[in-house]
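Understanding the architecture of this molecule
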Amino acid sequence: MDILHLIDQLEQLVLRSRPLPFLRWVVIEERRLLDLIDQMRVAIPQEIKQARRIAQERERIIAQAKEEAERIVGLAQEQASELIAQHQVVQAAEQRAAVIIERAQREAERLKADADDYALTRLLELEETLSQLLQIVRNGIEKLQNEHPDDPSQSPES
């Protein structure tokens, strides 16, 4: 039986009891009062046990919630650490890539300059060789013209 219901019955017993004249006392039926007290003795431990069970269940749920919250926070911290590590790896890779690209560009510029120098050297040598050949050809033409001065096909205008 519910303890509050028993308290209500006790209150009704007091309110329905006969008052004593000129006093603030009442006459209560002893058997009914003792019966209510016995019922309260039985109900109170049950109510206390139930309250204890509820309190224990509450504590268990709170502990479980705290444990779950700690687990979630731990996972979040792990993920944050992994993301930070990945971010650092990405940054390091990007920096490394930038260094490699810069070196490659410098090497390409150096190779291009070397290739240009090589081509210029070879072209100058070719020009020199062609100049010498041209001079040999002119000398040959001049010699032939001097040996056959009357031949019109050997004129320098042709």
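**Structural notes on the side chain of Ser17**
For Ser17, the position within the fold is in the loop between α1 (3-16) and β1 (18-19). From its side chain, Ser17 meets the backbone oxygen of Leu13 in a polar contact 2.5 Å long. Residues contacting Ser17, with those up to four places away along its chain left out, are Val26, Val27 and Ile28.

**What about the environment of Gln132?**
Counting through the fold element by element, Gln132 comes out in helix α2 (residues 30-147). By relative accessible area, Gln132 is classed as partly exposed at 44%.

**Examining a nonpolar patch on the surface**
Taken together, the side chains of Leu123, Leu126, Leu130, Leu133 and Ile136 present a nonpolar region at the surface, about 490 Å² in accessible area. Assignment of secondary structure puts Leu123 in helix α2.

**Things to note about the pattern of salt bridges**
As enumerated under the stated definition, the model contains 10 salt bridges in all. Between Arg31 and Glu29 there is a salt bridge whose closest N-O contact spans 3.3 Å. Linked through salt bridges whose partners overlap, the residues forming this network are Glu107, Arg110 and Asp114.

**Thoughts on the packing of α1 against α2**
With their axes 9 Å apart at the nearest point, α1 and α2 run at an angle of 160 degrees to one another. Judged on the interaxial angle alone, α2 and α1 are roughly antiparallel. As for how α1 packs across α2, the hand of that crossing is left-handed. For the pair α1 and α2, the contacting residues are Ile3, Leu6, Ile7, Gln9, Leu10, Leu13 and Arg16 in the first and Arg32, Leu33, Leu36, Gln39, Met40, Ala43, Ile44 and Glu47 in the second. The residue inventory of the contact of α1 with α2, partitioned by class, reads 10 nonpolar, 2 polar and 3 charged.

**Things to note about unusual backbone geometry**
Look at Phe22: it is not a glycine, yet its phi comes out positive at around 65 degrees. For Phe22, the location among the structural elements is in the loop between β1 and β2 (26-27).

**Here we look at the confidence of the model for the chain**
Averaged over the chain, the pLDDT score is 87; the fraction of residues at 70 or greater is 94%. By mean pLDDT, the top-scoring element of the chain is α2 (90), and the lowest-scoring one is β1 (84).

Cut-off values and rules
- Think of each chain on its own: its residues are numbered from 1, step by step along the sequence as written.
- Given that the model is predicted, a residue must reach a pLDDT of at least 70 before its local features are reported, and side-chain atom pairs must reach 80 or more before they are shown or counted; all residues, however, enter totals for whole chains, interfaces and linings.
- Water and hydrogen atoms play no part in the side-chain values, which are based on all heavy atoms of the structure.
- In this description a helix means any DSSP run of H or I spanning at least four residues, a strand means any run of E spanning at least two, and both kinds are numbered starting from the N terminus.
- Nitrogen and oxygen atoms within 3.5 Å of one another constitute a polar contact, given that in protein one can donate a hydrogen and the other can accept it, and given that sequence-neighbouring residues count only through two side-chain atoms.
- Any two residues whose heavy atoms approach within 4.5 Å at even a single point are treated as in contact.
- Buried residues are those whose accessible area, probed at 1.4 Å on protein chains only, stays under 20% of the maximum for their type, while exposed residues exceed 50% and partly exposed ones sit between those limits.
- A patch is a set of surface residues, each over 30% in relative accessible area and not in a salt bridge, joined within 9 Å for like charges and within 5 Å for the nonpolar side chains Val, Leu, Ile, Met, Phe, Trp and Tyr.
- Here, Shrake-Rupley sampling with a 1.4 Å probe gives the accessible areas, and only protein chains in the shown set may cover a residue.
- Each reported salt bridge corresponds to a side-chain nitrogen of Lys or Arg within 4 Å of a carboxyl oxygen of Asp or Glu.
- Axes, fitted as lines to C-alpha atoms, cover a helix only where it is in contact. Angles between the N-to-C directions of the axes lie from 0 to 180 degrees.
- The labels follow the angle: roughly parallel below 35 degrees, roughly antiparallel above 145, roughly perpendicular from 65 to 115, and oblique for the rest.
- We call a crossing left-handed when the near helix sits turned anticlockwise from the far one by less than a right angle, and right-handed when that turn is clockwise.
- Lys, Arg, Asp and Glu make up the charged group, whereas Ala, Val, Leu, Ile, Met, Phe, Trp, Tyr, Cys and Pro make up the nonpolar group; the residues left over, Gly among them, are polar.
- Residue-level confidence of the predictor, termed pLDDT, takes values from 0 up to 100.

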